[in-house]
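Read off the chains here:
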Amino acid sequence: MRRFFIACCLMAAQVGASAQETVGLNRGDITSPEINKDHSVTFRFVAPQAKEVKMEADFLPKQMVKTPLGEMETTGTVELEKDAQGVWTYTSGVLSPELHTYSFYVDGVRMTDPNNVYMQRDIFTYTNYFLIDGDLSANYFVRDVPHGTVSKVWYPSPTLGMDQRRMTVYTPAGYEDSAKRYPVLYLLHGAGGDENAWSELGRAVQILDNLIAQGKAEPMIVVMPNGNGAQQAVPGEYANSMYKPSFMNARTMDGAIETAFVKDIVSYVDAHYRTLADKRHRAIAGLSMGGFHSLYVSLNNPDTFDYVGLFSAAINRGNPQGEYAAIYKDMDAKLARQFATPPRLYYIAIGKTDFLYKDNTDYRKRLDAKGYRYEYVETDGGHIWSNWRKYLNWFAPKLFK
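Throughout this document, residue positions are counted from 1 along each chain, in the order its sequence is written. Since the coordinates come from a predicted model, pLDDT governs what is reported: local features require at least 70, and pairs of side-chain atoms require 80 or more to be given and counted, while whole-chain, interface and lining totals use all residues. Calculated side-chain values reflect all of the structure's heavy atoms, with hydrogen atoms and water omitted.

Caption draft 1: Examining the overall build of the protein chain more closely. The helix and strand labels rest on DSSP assignments: H or I over at least four residues marks a helix, E over at least two residues marks a strand, and numbering proceeds from the N terminus. When you go through the protein chain residue by residue, the secondary structure sums to 8 helices and 20 strands. For a compact globule of 401 residues, the expected C-alpha radius of gyration is about 21 Å, and the protein chain comes in at 24 Å, within 12% of that figure. Taking the principal axes of the C-alpha coordinates as reference, the protein chain spans close to 80 × 55 × 45 Å. Exposure categories follow from relative accessible area, calculated using a 1.4 Å probe and restricted to protein chains: below 20% of the type maximum is buried, above 50% is exposed, and the middle band is partly exposed. By the burial criterion, 53% of the 401 residues in the protein chain qualify as buried. For the protein chain, restricting intrachain contacts to residue pairs at least 6 apart in sequence, the fraction spanning at least 24 positions comes to 73%. Accessible area for the protein chain stands at about 18800 Å²; split by element, carbon and sulfur atoms hold 53% of it. Computing the positive centroid from 43 side-chain charges and the negative centroid from 45, the protein chain places the two 3 Å apart. Using C-alpha atoms as the atom set, the radius of gyration is obtained and then compared with a globule rule of 2.2 Å times the number of residues to the power 0.38. Between two residues, a contact is recorded if the distance between any of their heavy atoms is within 4.5 Å. Working definition of accessibility: Shrake-Rupley area with a 1.4 Å probe, residue cover restricted to the visible protein chains. Just so you know, the count uses Lys and Arg for positive and Asp and Glu for negative, and it drops His and the chain ends. Every charge is mapped to an atom, namely NZ of Lys, CZ of Arg, CG of Asp or CD of Glu.

Caption draft 2: Spatial organisation of the pairing of strand β20 (residues 375-379). Both strand β19 (residues 345-351) and β20 contribute to a ladder of 5 bridges, which runs parallel. Considered in β20, the bridge of isoleucine 348 is made with tyrosine 376. For the segment spanning β19, helix α7 (residues 357-370) and β20, crossover handedness is right-handed. DSSP bridges decide pairing: two strands pair if at least two such bridges lie between them. Call a crossover right-handed when, viewed with both strands pointing away from you, the route from the first strand across the helix to the second goes clockwise.

Caption draft 3: Seen up close, the side chain of arginine 364. Structurally, arginine 364 can be placed in helix α7. Salt bridges are absent for the buried arginine 364, whose nearest opposite-charge side chain, glutamate 378, sits at 5.0 Å. Here the side chain of arginine 364 touches tyrosine 374 through a polar contact of 3.4 Å, side chain to side chain. Beyond its immediate sequence surroundings of up to four residues, arginine 364 is in contact with Ile348, Tyr374 and Tyr376. Basic side-chain nitrogens of Lys or Arg form a salt bridge, by our definition, when they fall within 4 Å of a carboxyl oxygen of Asp or Glu. Between N or O atoms, a polar contact is any pair within 3.5 Å; within protein, one atom must be a potential hydrogen donor and the other a potential acceptor, and residues adjacent in sequence are included only when both atoms are from side chains.

Right, dumping it as structure tokens:
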């Protein structure tokens, strides 16, 4: 029996070793991506039988495409070169400090890099990423600093008719060990996103940990809710939700989220966390659709938020019809009320080639005509996460001072 047991163990070890060798063979004994000393990056992909391997990446020259939402930038592509061993290779130029994303196309089939375990999901697509260190991206890295706690919190939303909805909540380092009360930033995602978007694609946790540790930002609670009114949580993480995520979801820009926001989300946070529950200590900001929500939530609740951030905001892109149509009406009157006691910070940021640039320009003209004060930031690039990470990195230090 003992001999039989030893023989089985040896067979299992051989099978395991064989499986590992097969995986290693399929992936190739290569490094990809390899960040070179000059911050150029080399990519490799093993595909001896492939006729063509391309890569799309955020650092390649952009292409413009027409979409139902208007002309938008999309990632560029480049062809890799094949060597005698069937390894396809491409080396970039010197890359800027940033979180960069890329993926491969092998004979037209989109693939992630099998040698890079670092991936992120954006709506229904997984993409590999890597980080180039530098001043611009310094706060995107996990550093040796005190870390906050990230929780997935279920809360009731009677306004949306749901017993349970989920949001991501960041509490700063030291929250659990004190009786201190904290200000709150409500941070909202864009179309197709969910309560995971800012913590995963936006590096919000790393940005806040690092800014707070550097003394550049006040310790704060950050609440990242799900802005899709028909969803309870991330697809696949609530009952009967194993479906393909989509870019536009139901009940997103019809006034439902704006109506539920203070009633359901803010009231829950104030009741369950040690918050400083007043206008002076609340901020709301969001990207694209989340910027749209931030605009109208703050507009309809002028005594609730003293800091407002509109990052590439989808201004005038809502549906002013139906049950909650009043949310979007009488903008001039509501702005007059909001700016009668103006927010301490009204922050508008957008990229020069963003398809929403004109909408934001027109909105700024509206504010200018009435003499309403705001801070404006304009960056290169379009409707992209690299811009939204920058905006959060610059916006957070301005809060609650």
